[in-house]
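# Breakdown of the fold
In case you want the letters, here they are:
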Amino acid sequence: MAVHQSPFSVSVRDLVNRPGEMREQHLDLPAPGQYGEGLVAVREASEVSVDLRLESVHEGILVTAEVDATAEGECGRCLTDIALPVEVEFQELFAYHSGEAFEYEVQDDHVDLEPLIRDAVVLALPFQPVCRPDCPGLDPETGLRLADHPELVTPEQTDPRWAALAGFTASEDEGTDAAASGADQKRD
């Protein structure tokens with residue numbers, strides 16, 4: 001299997017077995033597949049921008065990356081189309097083949113960043129994406145977007161089980177200074 005077939009495979013021939021050497025590189029590549037399966041995902045062929053820092057160390061190649069992409073999908077409350085920026089960072093050691101089991105290794109003087117980029121981007125995607133933090137969602141009876149039809153918004157009613165607590169006010173917190181001075185007076 002040739003590792004350098006992946007679009008995110010980077011040649012490190014100039015860094016292999018040269019501890020202390022470092023190279024920075026920028027990649028703008030299309031996503032080879034869709035990243036994510038939920039309400040939002042980075043679509044296949046969407047641009048993924050990667051700023052890399054490749055450092056040679058005794059054990060292998062240390063990769064530090066900042067990844068920027070755009071996830072597209074729909075709001076989890078009102079179902080409108082949205083586009084969200086995705087920004088992630090990761091650092092991983094690609095070890096030289098030494099007989100020990102490492103999750104990532106330098107193969108054929110290349111490091112394949114695609115699995116790391118995919119995992120980092122997918123983990124950064126929101127589980128319940130919204131078009132804006134205060135999105136009111138859809139009207140449960142008509143299915144209309146409440147943001148477009150504010151007349152359908154009903155004032156929030158208090159659950160009757162909590163009504164007894166409505167008039168309750170919290171006491172003032174005197175802080176730790178008052179408690180400490182009270183404890184000092186008791187010792188005297």
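Residue numbers run consecutively from 1 along every chain, following the written order of its sequence. Where totals are concerned, whole chains, interfaces and linings use all residues; where local detail is concerned, this predicted model gives features only for residues with pLDDT of at least 70, and gives and counts side-chain atom pairs only at 80 or more. Excluding hydrogens and water, the side-chain figures rest on all heavy atoms present in the structure.

## Topic: the pattern of salt bridges
For the record, the criterion: For this document, the term salt bridge refers to a Lys or Arg side-chain nitrogen within 4 Å of an Asp or Glu carboxyl oxygen. Each helix is a run of H or I in the DSSP string that is no shorter than four residues. Each strand is a run of E no shorter than two, and both are numbered from the N terminus. Note on exposure labels: buried denotes an accessible area under 20% of the residue type's maximum, exposed denotes more than 50%, and partly exposed covers the range between, all computed with a 1.4 Å probe on protein chains only.
Across all of its chains, the model carries eight salt bridges by this definition. Between Arg 118 and Glu 114 there is a salt bridge, with the nearest N and O atoms lying 3.1 Å from each other. Here the residue Arg 118 and the residue Glu 114 both occupy positions in helix 1 (residues 114–124), the gap between them amounting to four residues, near one helical turn. Classification of Arg 118 by relative accessible area gives partly exposed; the value is 31%. Judged by relative accessible area, Glu 114 falls into the buried class, the value being 14%. A salt bridge links Arg 118 to Asp 119, with the nearest nitrogen and oxygen atoms 3.7 Å apart. Bridged by salt links that share partners, the residues Glu 24, Arg 53 and Glu 55 form one connected network.

## Here we look at unusual backbone geometry
With phi around 55°, Asn 17 is a residue other than glycine that occupies positive phi space. Structurally, the position occupied by Asn 17 is in the loop between strand 1 (9–11) and strand 2 (22–30). With a phi close to 60°, Asp 109 is a non-glycine residue in the positive phi region. Counting through the fold element by element, Asp 109 comes out in the loop between strand 6 (81–95) and strand 7 (110–112). Assessed through its relative accessible area of 23%, Asp 109 is described here as partly exposed.

## What to know about the state of the cysteines
Cut-off, in case you're wondering: Here, a disulfide means two cysteine sulfur atoms that sit within 2.5 Å of each other.
Applying the stated rule across the entire model yields zero disulfides. Left without a disulfide partner, Cys 78 is nearest to the cysteine sulfur of Cys 135, which lies 3.6 Å away. The exposure class of Cys 78 is buried, given its relative accessible area of 4%. Residue Cys 135 is classed as buried on the basis of its relative accessible area, which comes to 5%.

The quantities given are spatial measurements derived from coordinates; they are silent on function.
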